[in-house]
Amino acid sequence: MSLRGKDLLSLREMSQEDMELVLSTARSLKEILSRPIKKVPTLRGKVVCNLFYEPSTRTKMSFELAARYMSADPVSFAKETSAMKKGETLADTARNLEAMGVDLVVMRHNVSGSCHFLAKVLDIPVVNAGDGMNEHPTQALLDIFTILDYKSRIRGLKVAIIGDVLHSRVARSNIFGLTKMGAEISVAGPSTLLPPEIEKLGVKAYTRPEEAIEGADVVYVLRLQLERQSKSLFPSQREYSNFFGINRHKLSYAKEDAIVMHPGPMNRGVEITTDIADSPRSVILDQVTSGVAVRMAILYHILGGRD
Amino acid sequence: MADHLLIKGGRVVDPSSKTDQVLDVLITNGKIARLAQSIEAENGTTEVLDATGKIVMPGFIDMHVHLREPGFEYKEDIGTGTRAAAMGGFTAVACMPNTQPACDTDTVVGRILERAKQTACVRVYPIGAVTKGRAGKELAEMGEMRAAGAVAFSDDGSPVTSAEVLRCALEYLKSFDAVLIDHPEDLSLSAGGQINYGLISTVTGLRGIPNESEEVAVARDLLIAKLTGGRLHLAHVSTKGSVELIRQAKAKGIRVTCEVTPHHLILTDETVLESGYDTNTKVNPPLRTQEDVAALKQALADGTIDAIATDHAPHHFDEKWVEFDYAEFGISGLETAVSLIIDRLVLPGIIDWMKMAELMSLNPARILGVPGGTLEVGAPGDITIIDPELEYSILPHNFESKGKNTPFVGWRVTGAPYGTIVGGKVVMYDRRLAV
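Please read these numbers as outputs of a predicted model, since none were measured by experiment.

Visitor: Looking at this structure, how should I read the overall build of chain B?
Guide: Helix and strand counts for chain B come out as 14 helices and 19 strands. Rg of the C-alpha trace for chain B: 21 Å, near the compact-globule value of 22 Å for 435 residues, within the 12% margin. Here the C-alpha coordinates of chain B stretch approximately 65 × 50 × 45 Å along the principal axes. Taken across its 435 residues, chain B has 63% of its residues classed as buried. The long-range share in chain B, meaning contacts at least 24 apart out of those at least 6 apart in sequence, stands at 74%.

Visitor: Just to check I follow, could you spell out empty space enclosed by the protein for this structure?
Guide: Empty space left among the atoms is revealed by rolling a probe the size of a water molecule over them. Taken as a whole, this structure holds three cavities of 30 Å³ or more when the rule is applied. Reported here for the largest cavity is a volume of approximately 50 Å³. Broken down by class, the residue content of the lining of the largest cavity amounts to four nonpolar, four polar and three charged.

Visitor: I would appreciate a short explanation of the packing of helix 5 (residues 137-151) of chain A against helix 11 (residues 284-303) of chain A in the present structure.
Guide: The axes of two packed helices give the description: the angle between them and the distance between them. Residues and elements named next belong to chain A. Running from N to C, helix 5 and helix 11 point in directions that differ by 120 degrees, and their axes come no closer than 8 Å. For the element pair helix 5 / helix 11, the angle class is oblique. Two packed elements cross with a definite hand, and for helix 5 against helix 11 that hand is right-handed. Contacts from Thr138, Gln139, Leu141, Leu142, Asp143, Phe145, Thr146, Asp149 and Tyr150 of helix 5 reach helix 11 at Asp286, Gln287, Ser290, Gly291, Val294, Arg295 and Ile298. When grouped by side-chain class, the residues that make up the contact of helix 5 with helix 11 number six nonpolar, six polar and four charged.

Visitor: Before we go on, may I ask you to explain the sheet that holds strand 6 (residues 60-65) of chain B in this structure?
Guide: Sheet strands pair via backbone hydrogen bonds, and the direction of the pair is either parallel or antiparallel. Residue and element names in this part refer to chain B. In space, the eight strands of this open sheet follow the order 6-7-8-9-10-13-14-15, with parallel pairing throughout. Pairing within the sheet leaves two strands with one partner each, and these edge strands are strand 6 and strand 15 (307-308). Pairing between strand 6 and strand 7 (residues 90-95): four bridges, direction parallel. In the strand pairing of strand 7, Val65 is matched with Cys95.

Visitor: Looking at this structure, I do not really get helix 13 (residues 337-346) of chain B. What am I missing?
Guide: A turn of α-helix holds 3.6 residues, and therefore any two residues three or four places apart point the same way. By the criterion of burial, helix 13 of chain B is predominantly enclosed, with nine of the ten residues buried. Along helix 13 of chain B, the residues classified as buried are B:Ala337, B:Val338, B:Ser339, B:Leu340, B:Ile341, B:Ile342, B:Asp343, B:Leu345 and B:Val346.

Visitor: Before we go on, may I ask you to explain unusual backbone geometry in this structure?
Guide: Most peptide bonds take the trans form, and the phi angle of most residues other than glycine is negative. Residues and elements named next belong to chain B. Between Gln100 and Pro101 the backbone carries a cis peptide bond, its omega angle lying at 0 degrees. Residue Pro285 is bonded to the preceding Asn284 through a cis peptide linkage, with omega at 0 degrees. Its place among the elements puts Pro285 in the loop between helix 10 (270-274) and helix 11 (290-301). One non-glycine residue with positive phi stands out, namely Asp430, at about 55 degrees. In this structure, Asp430 sits in the loop between strand 18 (425-429) and strand 19 (432-433).

Visitor: Please explain the pattern of salt bridges as it appears in this structure.
Guide: A side chain of one charge can pair with a side chain of the opposite charge if their charged atoms are brought near each other. All names here are of chain B. Taken as a whole and judged by the stated rule, the model has 32 salt bridges over all chains. Residues Asp177 and Arg231 are paired through a salt bridge, measuring 3.4 Å at the closest nitrogen-oxygen approach. Of this pair, Asp177 sits in the loop between helix 4 (163-172) and strand 10 (179-182) while Arg231 sits in the loop between helix 7 (211-228) and strand 13 (232-234), and the two are 54 residues apart along the sequence. Note on Asp177: relative accessible area 52%, which makes it exposed.

Visitor: Looking at this structure, I do not really get the sheet that holds strand 1 (residues 47-52) of chain A. What am I missing?
Guide: Residues and elements named next belong to chain A. Here four strands make up an open sheet; going across it, the order is 2-1-3-4 and the pairing parallel. Looking at the sheet topology across the chains shown, the edges are occupied by strand 2 (73-78) and strand 4 (126-131). The sheet shows a mean angle of 15 degrees between the axes of neighbouring strands, direction not considered. Direction of pairing for strand 1 relative to strand 3 (residues 104-109): parallel, over a ladder of five bridges. Pairing of Phe52 across the sheet is with Arg108, part of strand 3. The strands that helix 4 (residues 114-121) touches are strand 1, strand 3 and strand 4; relative to strand 4, the one it contacts most, it runs at about 160 degrees.

Visitor: It is not clear to me how helix 1 (residues 78-87) of chain B should be interpreted in this structure. Could you clarify?
Guide: Residues and elements named next belong to chain B. Of all ten residues in helix 1, nine are buried; the element is thus mostly enclosed. Taken residue by residue, helix 1 has Ile78, Gly79, Thr80, Gly81, Thr82, Ala84, Ala85, Ala86 and Met87 as its buried positions. Contact partners of the buried residues in helix 1: strand 7, helix 2 (106-119), strand 8 (123-128), strand 17 (412-422), strand 18 and strand 19. N-cap assignment for helix 1: the residue whose side-chain oxygen lies 2.9 Å from the backbone N of Gly79 is Asp77. Of the residues flanking the end of helix 1, it is Gly89, one or two places downstream, whose phi is positive at about 90 degrees.

Visitor: Just to check I follow, could you spell out the interface of chain A and chain B for this structure?
Guide: How big an interface is tends to be reported as the loss of accessible area on association of its parts. Contacts between chain A and chain B engage 27 residues on the former and 22 residues on the latter. Of the roughly 2,000 Å² buried at the junction of chain A and chain B (both faces included), carbon and sulfur atoms supply 59%. Considering only the side of chain A, the residues that lose the most area to chain B are A:Phe117, A:Lys120 and A:Pro196, jointly responsible for 25% of the buried surface there. Where chain A meets chain B, there are zero salt bridges. Seen at the junction of chain A and chain B, the total is eight residue pairs in polar contact (both at pLDDT 80 or more). Counting residues per element, the ones that place at least two in the side of chain A that touches chain B are helix 3 (90-99), helix 4 and helix 6 (169-180) of chain A. At five residues, the largest contribution of residues to the side of chain A that touches chain B is made by helix 4 of chain A. A breakdown of the residues in the side of chain A that touches chain B according to their chemical character gives eleven nonpolar, nine polar and seven charged.

What counts, and at which threshold
- Residues numbered from 1 in each chain as written.
- Chains lettered and ligands numbered in written order.
- Predicted model: local features only at pLDDT ≥ 70, side-chain atom pairs only at ≥ 80, totals over all residues.
- Heavy atoms only, no water.
- Helix = DSSP H or I, 4+ residues; strand = E, 2+ residues; numbered from the N terminus.
- Rg over C-alpha atoms; globule rule 2.2 N^0.38 Å.
- Buried < 20%, exposed > 50% of the residue type's maximum accessible area, 1.4 Å probe, protein only.
- Contact = heavy atoms within 4.5 Å.
- 1 Å grid on protein atoms, 1.4 Å probe; cavity = no way out; pocket = protein on both sides within 12 Å on 5 of 7 lines; lining within 4 Å.
- Points joined across faces, edges and corners; volume = space filled by probe spheres on them.
- Nonpolar A, V, L, I, M, F, W, Y, C, P; charged D, E, K, R; others polar.
- Axes fitted to C-alpha atoms, helices over the stretch in contact; angles between N-to-C directions.
- Parallel < 35°, antiparallel > 145°, perpendicular 65-115°, else oblique.
- Left-handed = near helix turned anticlockwise from the far one by under 90°.
- Pairing = 2+ DSSP bridges.
- Salt bridge = Lys/Arg side-chain N within 4 Å of Asp/Glu carboxyl O.
- Polar contact = N/O pair within 3.5 Å; in protein donor to acceptor, adjacent residues only side chain to side chain.
- Buried area = accessible area lost by both parts, 1.4 Å probe.

Here it is as structure tokens:
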């Protein structure tokens, strides 16, 4: 069993075994983050390229720091200052990076399936850092890692995913990953923001958040993706917040020890109220910390530091 | 001295006369001259083709292709598109007007026919635009285009969006006895869509195009056809609901015909997922579900669907080798259609050879009102010869078409076009072009 040299495109296609391998490695690598000198030489001489066609704070910094902590050299591509502005295609851009000796490409892209396309173009491994409305597999792995931190297990846990499921790659990756590991998932949101036939993925779907949250161990709040709302999917952010935003009242339907998660960036006061986001039940910043460890583990396994 | 072509020993399948028997076919001066059990060749003046073990049918007519000329010759031109047609067993093609400029005047119709005369190896029937610039606002000069040789009218690539414009066009065309071919799509329901709306769009995160985006338009078109009594043909129907609506409309006596493509009869949206987002599976209307495929096959068998057309949509490699949302819609279909229909529909017994000839030859000729579609004496000497046993792999790099964009790459199929004869002239024989 090895992830060495492989792409990480989706949790739909990733085996439970491989997921657990990444999680257990991340568990041991996390300790590095609290050392005074946060650097191990494992991936010295390896180059990781961040190819981001969409804005990102967390994911991009997280991959960059993960590479640095492992002594790999991160390089970044920014859409605004790149030759893409001159009309260069993704395939050409990526093959040029490969020709310069890059060992791995991490890509964020606004079009679903772009990482699958890139993996056909390139010989070097591709890691999906979020493609359109499809998947964000490293986010879901860090989410699962965080849940394990608090709940010590996944099997049998009730996870409620609330909000804009339609546009959410985070929701898709979590649904694929968490169901593989035995969680019971409910999703809820306005029906206009629930994708068709979602229940065939093995989840329960509700149009009222309270029903999904009832008895939940984990309440996962999705960001309302304002940049992808091209149509009249809901009347106003105010109304969305009233009926679908997570506040103290809606959270009262969950178990008393339920944790609250969010992939960031938050629209405070829209999908989540500030008092909940900043409450002791919120593990949102733990997710961010876990993210670095999980990405260190992914780079480690794919770039194959040592066998 | 007469010019004779004698096709000997083939199984002749001709739906116009319900003939299905081994016969020799003699073509003289470009026309069908005689069918009989044994015709002797006249020494020196007769070219003889041995068709033993083969099936001889009236020439196939693809009533829906995009030849891309003028304007998009980097994708296809009339020469390469018609060579692809000849290789694919088609003796005639009707080409859609979404060119640059659009085929919306008699000048462009004339230009296409002129280029066809210079470069085409099968018959080319231009389809004129319904509206100026295919913009859906004002009627194009359809009478002038008809006089110049346009056989039908369509804004294909786009629907005729306005119901009122559609109504006027169907009324107006009554003076010119031509069919209006609509591309049924409600653009507000399909906006931004990449693949079929449903489980697969949910799993892939690609935006979905619901069946209803087609069915809403089909229902509207049928109502306008009823209102006007005009001749309506619906292009590339892809859903169960569409064929149900059309079946009901036909039962009520509305003048409507429709076509289906090979890819909608064979593939489903699951292909998009299985292929890892292969942009060659991106087509409009999108590949639907197994339920739709089953309904389309049923509608073929019961006569609801009148024709099989390829919607041959060649694109340049660069236009498909991009992110899914940025790829062009369309499949290069001329060189795979006949084999796919034999392999997936005839050999499994969903339709028989007679039905195949009806769907690919007789009915397209009747819908468009063009010669051919029959082997009766005096008809054009247009013939498609089929090898029902040849087994081969579909390899797009061997296509005559410039468009290599096919989701059927590597498919192993049985049955192939073996000969294409246009006006008594052999343009393809034994899987090789003779021109």
